[in-house]
Structure formats: structure tokens, C-alpha cells
Number of protein chains: 2
Amino acid sequence: MTKHIYIYSPSSAVGDRAVIKRGVARLKALGHEVELDEAVFARHMRFAGDDATRLAAIHRAAASGADVALITRGGYGLTRILPGIRYKAVAKAIERGTRFVGLSDFTAFQNAVLAKTGAVTWSGPALGEDFGVEGEPDDIMQACFEDLVSGQGEGAGWQLPVSERRDRLLQVKEATLWGGNLAVLSSLVGSPWIPDIRNGILFLEDVHEHPYRVERMLTQLLYAGILGRQKAILLGHFTNYKPYPHDRGFKLQTVVDWLRLQVKCPVFTRLPFGHVATKVALPVGAPVHLAVEGRDAFVLWGHRH
Amino acid sequence: MTKHIYIYSPSSAVGDRAVIKRGVARLKALGHEVELDEAVFARHMRFAGDDATRLAAIHRAAASGADVALITRGGYGLTRILPGIRYKAVAKAIERGTRFVGLSDFTAFQNAVLAKTGAVTWSGPALGEDFGVEGEPDDIMQACFEDLVSGQGEGAGWQLPVSERRDRLLQVKEATLWGGNLAVLSSLVGSPWIPDIRNGILFLEDVHEHPYRVERMLTQLLYAGILGRQKAILLGHFTNYKPYPHDRGFKLQTVVDWLRLQVKCPVFTRLPFGHVATKVALPVGAPVHLAVEGRDAFVLWGHRH
């Protein structure tokens, strides 16, 4: 079914227009109507236009009446404009059926919207990196996005590492799914834009962050009491960092092991999300069920949204 | 006058013992008695021993009765052991006259001590990077350290860039000096270890952090209300980051200009502090006066400590 997809740039400037054009062509080939925001290629230094331009783009996306508002790319730029976003307008757009989709820097927007209004946004692909690739976009990413666009999605499943298998069914019911990029989320701690989620399922991913930095960011969530209020923590992919010879065995798994000693709730890894091609779409702020049995993990949001 | 200097390793492991030996030899040549903690060369992965080892080293430093407790190096490791530090024992050592000196990762210790006890510690050199260099250590760093060791220091002065000159004397009186490494400090926001300083003079430095990351960390301090409670902000050196072609004119000065639009208090730069050879020693948690006239800036703590 043809859906209306609105493309806008709230964060870093688009570097290569060809990537965006390829992404648009792919969405059109899937049968969708694609609308480009007037400032989609705007540039002000490293940003997709100055702060006012990017705020206006967000508010045009909210006013577009589109089924999906999809970012061109992440980068950096949302954190500094959080005070200028008209959250009620965004929440009304969501109520009318617009799904806001993105990741990475977009985490700031998603969690601010959740903190201010309780409205659900989607962690999922960005147009450029995911649909604008040369060659075929990842098929799981595409299938999850199509489920999201059509409103048919009911959950996401993945396989856990052997060490995390559960012989008996583990269930976490009626928990609020939230999270995103760890660096962006942890930078919101102490601000009015960090959601106060109790009974939550927190998912996290990051890129270009050495494990010691991942650990330091996790200490911030831990010391602020955030990790202690969750029912489960789901770690997506932490990619593209450079180990040092000095690490001497300190690696991401060390941090995961450390994290498990700090919290009472279960910590599961390999959630297919992050700066990787194969990514699911996840409703930030939605009530979900987590079910784990054997090596199979599922996050289910049923017909709620 | 001979002083007793206790050397310990609360953060990352010492990589090259020769650096430490050179530093110790220099302090001895200055006439000091130097005592090495038993775990000064300990290693557990990237850390200077496991958490218990590093905590014990801190507590031995506090029990040493030394005039100065000086770190071998920064790196990473203090944030994760903050809950295990016996703050009263540290504050008692400070009361008895031990000056705790260091920088970078040490920022976590300093601010936690300030938050928990109000006791003053010193942002200054590390043994390895500052005294262990091949060739002669920086003479301003050495002079400031000697002032600190002898208790003779009364302040620090530096020259502002022309654009920051004040034709009329600007004074900030009876403010609390605090701060340190921006990445470490901002990671404490929301935790019990971030000092609640009103009427403060906040100084910040960092290394290996791109200006967009510096800005994002500053937004955290801004949004948490911390910047708004300061009487002045002093920026030290932000060094050794890699610009991207994509920045297109976004640089550290852009962030400084942005910061000045966010806060009412004055922001001065070029404070001789950070991951640079020429660094002053600064009392974290002490009442100070800031005076600026023309291009001359002074932070004065008089005979208080």
C-alpha cells in the first residue's frame, strides 16, 4: 500500500546528494510517495542548516501529515536545539498517525519527545545510510521498515549468544521500551529531556566509542539511578572503535560482564540495532513484552500501535 | 624545603616504568623525599590494578601523612570506583595537610571529594607526563608545583586573547573554583558525585575531543543548570582532536561563541591548564577571586590554603 514518506534533515548536513537520491528512488520503487523537505540539503557548517532551519524542518515534518517522517542521516545537531522543539505539535502529529523514524543523533529527539509528551517514535533506519547504499539495502532492515510503514509490525526477534541462553522461559511484561544511542542518551542525563522510565526495557548501541568510554557512559546511567529502574537491558551493536595495545584484554565483553555485576535485571546482547546494516525497527516509549527462551529473544508490541 | 611526596596510581596502568623513574629522579633532585606506593606499577588489563587495588592505593595515599599525594598518570579508572572511596578518610588527610594533585581522569576523584566533603584538592601535573618527560620539564609547571608543595602559591595568571580584553577591571569575588576535564566532569552529571556549586568559577579542559563533542558535553552542563549557576567559566586547552573535512568551518571557536550566547557569565579562554606542558596548579573547591583587566587574567586564592 502506498504510504506518504516525508524526508528531512534535523542533524548533520547531507554530504553526498547521490546517496539521498538513491534512497528516495528505492522508497519510490517500493511503491511509496516520497516528499523531500525544502531544507533537506541545507548546510551551515557541519549542520543541515542553522538551528532555526533544522527546527523548521522538524516542524514541517510534524505538519506534513505524512505516514512516516524519516531522517536523511544522524551525526550531530539535535541536542543543541532541544529547547526549541514544539513538543505538543510533534505529539499531535504522532497522534494523527505520523511515525517519526531515525537513529543515532535522533536519539535526542526521541527521548525528549518521550520525556515531554509520552508519545512513541521509532528507532530504525536513516534514509541515506540504510536505503541509499550502493547495492541492495539489507533485507531485514527493509522488511522491518515496511512493517513499520504499514503498521503491521508486531515485534522483533533475534538469536542470543550461547552464554545468554535461558533454559526456562523468561518474560518481562508491560515494560516501556526506550533508549537508543548511548552517547546521545547519556548526554541527556540531568536535563529535562531524559525520560523517567521505571519498569523499562532499555536498549543501547553506539559507534566509534572505545569500550572504556562505553563503560564510563554506562556508569553515568548507573549512578543516576536509571539502570536500577529497568526490568531488562538490551545491548545492540557497538561498532567501529579502535582498540589500544594498552587495553591488555579490556574489551567490550569486559564491560558487559561488569555491567551484569552492577544491575539486578538481565542484560541481553546482539539486539539487531545500531550502526549496522541489519537493524530492526523499535518503538521508543511503547509498552512491550520481552520473551527469552533458549537462544531466542523477542520484543513484542502486538497490535498496540 | 624537603617535602614528602607520595606517588600512586588510581587510574590507568603505567605503560613505561622509565617515565616514572625519570619523574621520581626529578622530584628528588628538587630536594623532595619521594615515596612510591606498593601498587604504583600494578596492572589489571588497562587499569593500574583491579578496583580493590586502586582503592587501596588511594587509601594508602590518604594514610601516608605525605605533604603531597601525586598521581602517576590519568587515563581511565576512577569513575568506576567512586562508590568505594572512603571520603571521610580523604578529607581527614587533606585536613592534616596532604595535598592531592592530578588531572584528567583524576577530575572524578576531585569532584567526588568536593561533593561529599567540601575538601580542596589540586588540579595540576601528573608525575609521568609532566615530570617524566625526556628533557627539561616545563618551568611554569614546575614553579607552580613548587608553590603548591611549599604552600606558597597565591594564584595563577595568564594572558587573554585580544578579543577578550576588558578595558575596565572585572572582578569576581569569593567564588568557588572547580572543574577539570570536561568529559569526566560531564559524566558525573546526575550522580551523587557532581558538586552543587553556586557562585562558582568553573574551569574546563579536554583532549582528543572533537569540538562537536565538546559542545555536546557543554549542553549537558547547560541543561542540568550547572553553567547558569557559575559566575565565570574559564576554558583551558582543548587539544589533539582531529577535524573533519565535513566540519566546514565548525571549530572550537564556534563552540566558544555558542557557549557565550548560552550563559550570562563571562567566558575566558587560554587558561594554562589541560593536556599541555605549561600548566598551572588550581585548587578545586577553594574560594578564589578572579580579576581581569586588559589582557591580564588572575585567579587568586591568597593565603587561604
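Notes on the structure follow. (Residues numbered from 1 in each chain as written. Chains lettered and ligands numbered in written order. Predicted model: local features only at pLDDT ≥ 70, side-chain atom pairs only at ≥ 80, totals over all residues. Heavy atoms only, no water.)

**Here's the deal with the packing of aromatic side chains**
For any pair of aromatic rings, the description rests on two quantities: the centre-to-centre distance and the angle between the ring planes.
Residue and element names in this part refer to chain A.
Moving on, step 1. All told, the structure shown has 18 aromatic pairs over all chains when counted by the stated rule.
Moving on, step 2. Ring centres of Phe 106 and Phe 109 lie 5.0 Å apart, and the angle between their planes is 25°; on these two criteria the pair is classed as stacked. Of the two residues, Phe 106 and Phe 109 both sit in helix α4 (residues 106-117), three residues apart, roughly one turn of that helix.
Moving on, step 3. On the accessibility criterion, Phe 106 (1% relative accessible area) is buried.
Moving on, step 4. For Phe 109, a relative accessible area of 1% puts it in the buried group.
Moving on, step 5. With a centroid separation of 5.7 Å and an interplanar angle of 75°, the aromatic rings of Trp 122 and Trp 301 are classed as edge-to-face. (Phe/Tyr/Trp six-rings, centres within 6.5 Å; stacked < 30°, edge-to-face > 60°. Helix = DSSP H or I, 4+ residues; strand = E, 2+ residues; numbered from the N terminus. Buried < 20%, exposed > 50% of the residue type's maximum accessible area, 1.4 Å probe, protein only.)

**What about the sheet that holds strand β3 (residues 68-71) of chain A?**
Residue and element names in this part refer to chain A.
Moving on, step 1. Pairing within the open sheet is mixed, and its six strands lie in the order β2-β1-β3-β4-β5-β11. Each edge of the open sheet is held by one strand with a lone partner, namely β2 (33-36) and β11 (282-284). With strand direction ignored, the average angle separating the axes of adjacent strands in the sheet is 30°.
Moving on, step 2. Pairing of β3 with strand β4 (residues 99-102) involves three bridges; the strand directions are parallel. For Leu 70, the partnering residue across the bridge sits in β4 and is Val 101.
Moving on, step 3. Against the sheet, helix α1 (residues 17-29) contacts β1 (4-8), β2 and β3, and its axis sits at roughly 150° relative to β2. (Pairing = 2+ DSSP bridges. Axes fitted to C-alpha atoms, helices over the stretch in contact; angles between N-to-C directions. Contact = heavy atoms within 4.5 Å.)

**Quick notes on the pairing of strand β6 (residues 155-159) of chain B**
All names here are of chain B.
Moving on, step 1. The two faces of β6 differ: Ala 156 and Trp 158 on one face are buried, but Gly 155, Gly 157 and Gln 159 on the other face are not.
Moving on, step 2. Both β6 and strand β13 (residues 296-300) contribute to a ladder of five bridges, which runs antiparallel. Residue pairing for β13: Gly 155 is matched across the bridge by Leu 300.

**Here's the deal with the pairing of strand β13 (residues 296-300) of chain A**
Residues and elements named next belong to chain A.
Moving on, step 1. Residues Ala 297 and Val 299 of β13 are buried on one face, while the alternating residues Asp 296, Phe 298 and Leu 300, pointing to the opposite face, are not.
Moving on, step 2. Two strands pair when backbone bridges link them, and strand β12 (residues 287-294) and β13 are joined in this way by five bridges, in the antiparallel orientation. Within the sheet, the bridge partner assigned to Leu 290 lies in β13 and is Val 299.
Moving on, step 3. Here β12 folds back onto β13 in antiparallel fashion, the turn holding one residue.

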